[in-house]
Structures are given as C-alpha cells and as structure tokens.
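Residue-level structural notes
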Amino acid sequence: MRPNPMGDQSIDFANPAAVKELNRALLKSFYGIASWDIPKDYLCPPIPGRADYIHYLADLLAEDSDGSVPQGPSVGVMDVGTGANIIYPLIGHAEYGWRFIGSDIDPTAISSARAIVHANPALGDNIELRLQSSPEHIFRGVLLAGDNIALTMCNPPFHASPGDALRSAERKWRGLGRAATPGKNAVLNFGGSSTELWCPGGESAFVRRLIQESADVGRQVRWFSTLVSKESNLPDVVQLLRRVRARDVRTVEMAQGQKRSRFVAWTFR
C-alpha cells in the first residue's frame, strides 16, 4: 500500500508483487479460484478489464439466442495466447460455465496454466491447454478438425520489439508518478514475458495473421474477436476483414475508469 495523489491509501500499482496479490484476492473472492500463481515476470493482467471483454462477448452471443446469454460447457471458446495466467478461461468459466481451449506458443505459460487448472478441481475438464508449436501460425495446429467454437478471443502482443516494450514501461512508470532507471527497474507494473508483450510487426502484424487464418476456419467458429489496443490500427483491420469477406464486423468500445479499449469481432456465417 502507498498514498495515492489524493492522499488516500491505495494498492501500490507500480509494484508487480502488490498487483499479483490483488489479482489473487479478486480471483478467490469473485470467481472461486482457490489457488492461482504465475511465474516470475509473466503478465499479471488487470482483472476488471479482462472481465469486460468476456461480458461484451457474452452480449454478442446473446444476439443469436433470443437475448439470453448461452451458458454451460456446450459453448466452446478459444483463447488465443492464453498466457501463464489463463485469466479469460477462469473468468469465462466462472461467469457462464463455458468450456475453453487455451493456446500459447510458450511452453512455460502452458505449464503454468495447467498447474492452475490442476490446483482447482472445480474447473474439471472445462479448460484444455494446447501448445502452438509453430510461432508463424495462430489457428493452424491448435484448432482441430472436430472443434466447433462459439467464440475466439485474443489479447495480442502489441509491441514490435523489446525496445518498444521498454519505452512503454517507462511511460507507465512516469504515469504512476515514479522514476524508472532504464534497463534496471523500468518493468511493467503488470509484468509480461517477451512472447506476451511483443512480436515482429507488433499488434498490426499479429492481427493481420489472425484475420487471414480465420478465413480458413470460418465454418468452425461463430464469432472471431481480438482486442485492438491502438485505435490507429482499426481502419486497416476493417479493410482486411472486408477483403477476406467477413459477413459481419463489429467494433465494440470498452471503458474501465480512465482506461479505454476496444475489440473487433467478425463472422463468416
């Protein structure tokens, strides 16, 4: 804890350990997750914003179900790049009983995710983890021929290089009223491994591959979706979706306090 700019005691959001403990408490209190942990330096996501994404996707499914959100394990969801924290599957299953497939290219992340599932028997067989062995692909190799998915979701790495990620971390430190020593303590307050924070070409290149591969598996998925952190990327995203002949495209704006975000959803059906 530390005083915030108003002089009140608050969680020290510049301290990754404090954020991790806050997440552990939120997951236990609101979602019934008795045991949760992540490896050092892996992404510790802000839970309210992640829950928002889940609930807005639930609203999308409700449109196809007479206004009521379909619930239970018959609703299959794929979380692309689920990470070591598997936050979306944990929230989505707790809130709606959905069955999740979580994919990731990082073996350590998959191992951590499996440990969380095994430590919480109530999750049962409702979260399946699949390692993507080819970093060049997103759905190919992890979405199997027999999979019938209601939703896919994704929080893509949005930096194009480690240097971009570092500069972003330094800006966040300044925003929290702290000084960061470049290369030393300029870490993200929410952590993050290399595969979680950056990829060649950044968010734009990743989402482009996601859209292109989605066209190949459009019959297996009702709605595809991805967060788009940079609003400047939206015109290119929408243009590419038209090019691959998506039949319906939605841009959904979200807000949590001062944080503004959005996701794009599309379908070929």
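Please refer to the structure placed before this passage.
Throughout what follows, the structure given in this document is the object of discussion. It should be emphasised that the depicted structure is a prediction, and the values quoted were computed from it without experimental measurement. (Residues numbered from 1 in each chain as written. Predicted model: local features only at pLDDT ≥ 70, side-chain atom pairs only at ≥ 80, totals over all residues. Heavy atoms only, no water.)

1. Focus on the nonpolar core
Formed by 44 residues in total, the largest nonpolar core has its most connected members in Leu-90 and Trp-98. Tallying contributions element by element places helix α2 (residues 47-63) first for this core, with eight residues. If you look at the next biggest cluster of nonpolar residues, it comprises 25 residues, including Ile-101, Ile-211, Val-228 and Val-264. (Core = buried A, V, L, I, M, F, W, Y, C linked by side-chain atoms within 4.5 Å. Buried < 20%, exposed > 50% of the residue type's maximum accessible area, 1.4 Å probe, protein only. Helix = DSSP H or I, 4+ residues; strand = E, 2+ residues; numbered from the N terminus.)

2. Details of the side chain of Ser-112
Along the polypeptide, Ser-112 turns up in helix α4 (residues 107-119). Apart from the residues within four sequence positions on either side, Ser-112 is in contact with Asp-37, Ile-38, Pro-39 and Ala-84. (Contact = heavy atoms within 4.5 Å.)

3. Notes on the packing of aromatic side chains
Applying the stated criterion to the full structure yields seven aromatic pairs. Residues Tyr-96 and Trp-98 carry aromatic rings whose centres are separated by 4.8 Å and whose planes lie at 20° to one another, so their mutual orientation is stacked. Residue class for Trp-98 comes out buried when judged on its relative accessible area of 0%. On the numbers, 5.6 Å between centres and 65° between planes, the contact of Phe-139 with Phe-224 is edge-to-face. Of this pair, Phe-139 sits in the loop between β5 (127-131) and β6 (149-154) while Phe-224 sits in strand β7 (residues 221-227), placing them 85 residues apart in sequence. A connected cluster of aromatic rings, assembled from ring pairs, spans Phe-139, Phe-224, Trp-266 and Phe-268. (Phe/Tyr/Trp six-rings, centres within 6.5 Å; stacked < 30°, edge-to-face > 60°.)

4. Side note on the sheet that holds β6
The mixed open sheet is built from seven strands, whose spatial order is β5-β4-β3-β6-β7-β9-β8. If you trace the sheet from one side to the other, it starts and ends with β5 and β8 (248-256), each paired once. On average, each strand axis in the sheet is inclined to that of its neighbour by 20°, with strand direction left out of account. Both strand β3 (residues 76-80) and β6 contribute to a ladder of four bridges, which runs parallel. Opposite Asp-79, over in β6, you have Met-153 as the bridge partner. The sheet strands contacting α4 are β4 (99-104) and β5, and the helix crosses β5 at an angle near 165°. (Pairing = 2+ DSSP bridges. Axes fitted to C-alpha atoms, helices over the stretch in contact; angles between N-to-C directions.)

5. Description of the environment of Pro-89
By the element assignment, Pro-89 lies in helix α3 (residues 87-96). Along the chain, Pro-89 and Val-117 lie 28 residues apart, while their C-alpha atoms are 10.0 Å from each other. With near-sequence residues (within four places) excluded, Pro-89 lies in contact with Asp-79, Thr-82, Phe-100 and Ile-127.

6. Remarks on unusual backbone geometry
Of note, the phi angle at Asp-41 is positive, near 75°, even though the residue is not glycine. The residue Asp-41 is located in the loop between α1 (16-31) and α2 in this model. Of note in the backbone geometry, Asp-66 takes a positive phi value of approximately 55° without being a glycine. One can find Asp-66 in the loop between α2 and β3.

7. Observations concerning the side chain of Arg-50
Positionally, Arg-50 belongs in helix α2. Excluding residues within four positions of it along the chain, Arg-50 makes contact with Leu-43, Pro-45, Ile-87, Tyr-88, Ile-91 and Asn-155.

8. Looking at the packing of α2 against α3
Running from amino to carboxyl end, α2 crosses α3 at an angle of 55°, the nearest separation of the two axes being 10 Å. Our classification of the angle between α2 and α3 gives oblique. Crossing handedness for the pair α2 and α3: right-handed. Facing α2, whose interface residues are Ile-47, Arg-50, Ala-51, Tyr-53, Ile-54, His-55 and Ala-58, α3 presents Ile-87, Tyr-88, Ile-91, Gly-92, Glu-95 and Tyr-96. Here the residues of the contact of α2 with α3 are counted per class, giving nine nonpolar, two polar and two charged. (Parallel < 35°, antiparallel > 145°, perpendicular 65-115°, else oblique. Left-handed = near helix turned anticlockwise from the far one by under 90°. Nonpolar A, V, L, I, M, F, W, Y, C, P; charged D, E, K, R; others polar.)

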